[in-house]
Amino acid sequence: MDTVDFEELAGRLEGVSRAVLHIAAALEIKGLIDGPQLSQAWRSALPLPGFEVAGRTLQELALALDGARNRRQSPGA
């Protein structure tokens, strides 16, 4: 895989991750999902051998969703 291919793949994954976060936040705001429970589920995902990066990504998504919630709930938001 060359640099261009890597950048393409990384960009696509970033786009999908951002879309998932936006959808999760929108559903949480509408009261259709329990955001904290979703974050906890992402944090609790069992690490599978060979999928360490996927586990770290889920941790990052949980942090980002929690961060978005905290910003919405903070005074002046």
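Thresholds, definitions, all that
Within any chain, residue numbers begin from 1 and follow the written order of that chain's sequence. Where totals are concerned, whole chains, interfaces and linings use all residues; where local detail is concerned, this predicted model gives features only for residues with pLDDT of at least 70, and gives and counts side-chain atom pairs only at 80 or more. Heavy atoms from the whole structure form the basis of all side-chain values; hydrogens and water molecules are not counted. Here a strand is any run of E in DSSP of at least two residues, a helix any run of H or I of at least four, and the numbering for each starts at the N terminus. With the radius of gyration taken over C-alpha atoms, the globule rule is written as 2.2 Å times the number of residues to the power 0.38. Residues are treated as being in contact if the distance between any of their heavy atoms lies within 4.5 Å. Method for areas: the Shrake-Rupley scheme with a 1.4 Å probe, in which residue coverage is limited to the protein chains shown. Accessibility here uses a 1.4 Å probe with only protein chains present; expressed as a share of the type maximum, an area under 20% marks a residue as buried, one over 50% as exposed, and anything in between as partly exposed. Directions are taken from the helix axis to each C-beta atom, and the arc is the one they span. The definition of a polar contact used here is a pair of N or O atoms within 3.5 Å, where within protein one atom must be able to donate a hydrogen and the other to accept one, and adjacent residues in sequence count solely through side-chain atom pairs. Salt bridges are identified by distance alone: a Lys or Arg side-chain nitrogen within 4 Å of an Asp or Glu carboxyl oxygen. By nonpolar core is meant a set of buried Ala, Val, Leu, Ile, Met, Phe, Trp, Tyr and Cys residues that side-chain atoms within 4.5 Å join together. Under this scheme, a helix contributes an axis fitted over its contacting stretch, all axes are lines through C-alpha atoms, and angles between N-to-C directions fall in the 0 to 180 degree range. Any residue that is not Ala, Val, Leu, Ile, Met, Phe, Trp, Tyr, Cys, Pro, Asp, Glu, Lys or Arg is counted as polar, Gly included; the first ten are nonpolar and the last four charged.

Draft legend 1. Spatial organisation of the overall build of the protein. On a plain count of helices and strands, the protein comes out with three helices and zero strands. Here the C-alpha atoms of the protein give a radius of gyration of 15 Å, more than 25% beyond the 11 Å that 2.2 N^0.38 yields for 77 residues. Overall, the protein is about 45 × 25 × 20 Å in size when its C-alpha atoms are taken along their principal axes. Across the protein, the fraction of contacts at a sequence separation of at least 24, relative to all contacts at a separation of at least 6, is 48%. For the protein, the accessible surface area stands at approximately 5800 Å², while carbon and sulfur atoms represent 64% of it.

Draft legend 2. Looking closely at helix H2 (residues 35-44). Taken residue by residue, H2 has Gly35, Ser39 and Trp42 as its buried positions. Down the axis, H2 shows its buried residues gathered within 60° of arc, on one side only. Those residues of H2 that are buried are in contact with helix H1 (3-29) and helix H3 (52-73). Put simply, Asp34 is the residue that caps the front of H2, since its side-chain oxygen is 3.1 Å from the backbone nitrogen of Gln37.

Draft legend 3. Representation of the pattern of salt bridges within the structure. Per the stated rule, a full pass over the model turns up six salt bridges. For Glu8, the salt bridge is made with Arg12, and the minimal N-O distance between the two is 2.5 Å. On the criterion of helical spacing, the pair formed by Glu8 and Arg12 is a turn pair, its members being four residues apart in helix H1. With a shortest N-O distance of 3.3 Å, Glu28 and Arg72 are connected by a salt bridge. Placement of Glu28 in helix H1 and of Arg72 in helix H3 is noted, with a sequence separation of 44 residues between them. On the accessibility criterion, Arg72 (32% relative accessible area) is partly exposed. One connected set of salt bridges, linked through shared partners, spans Glu28, Arg43, Asp66, Arg69 and Arg72.

Draft legend 4. Layout of the nonpolar core. If you look at the biggest cluster of nonpolar residues, it comprises seven residues: Leu21, Ala24, Ala25, Trp42, Leu61, Ala62 and Leu65. Setting aside residues up to four positions removed in sequence, Leu65 forms contacts with Leu21, Ala24, Ala25, Glu28, Gly35, Leu38, Ser39 and Trp42.

Draft legend 5. Here's a closer look at the packing of H1 against H2. At a closest axis distance of 9 Å, the pairing of H1 and H2 adopts a crossing angle of 145°. For the pair H1 and H2, the contacting residues are Val20, Leu21, Ala24 and Glu28 in the first and Gly35, Pro36, Leu38 and Trp42 in the second. Considering only residue class, the contact of H1 with H2 consists of six nonpolar, one polar and one charged.

Draft legend 6. Seen up close, the environment of Ala41. For Ala41, the position within the fold is in helix H2. Note: C-alpha distance between Ala41 and Leu58 (17 residues apart in sequence) is 9.1 Å.

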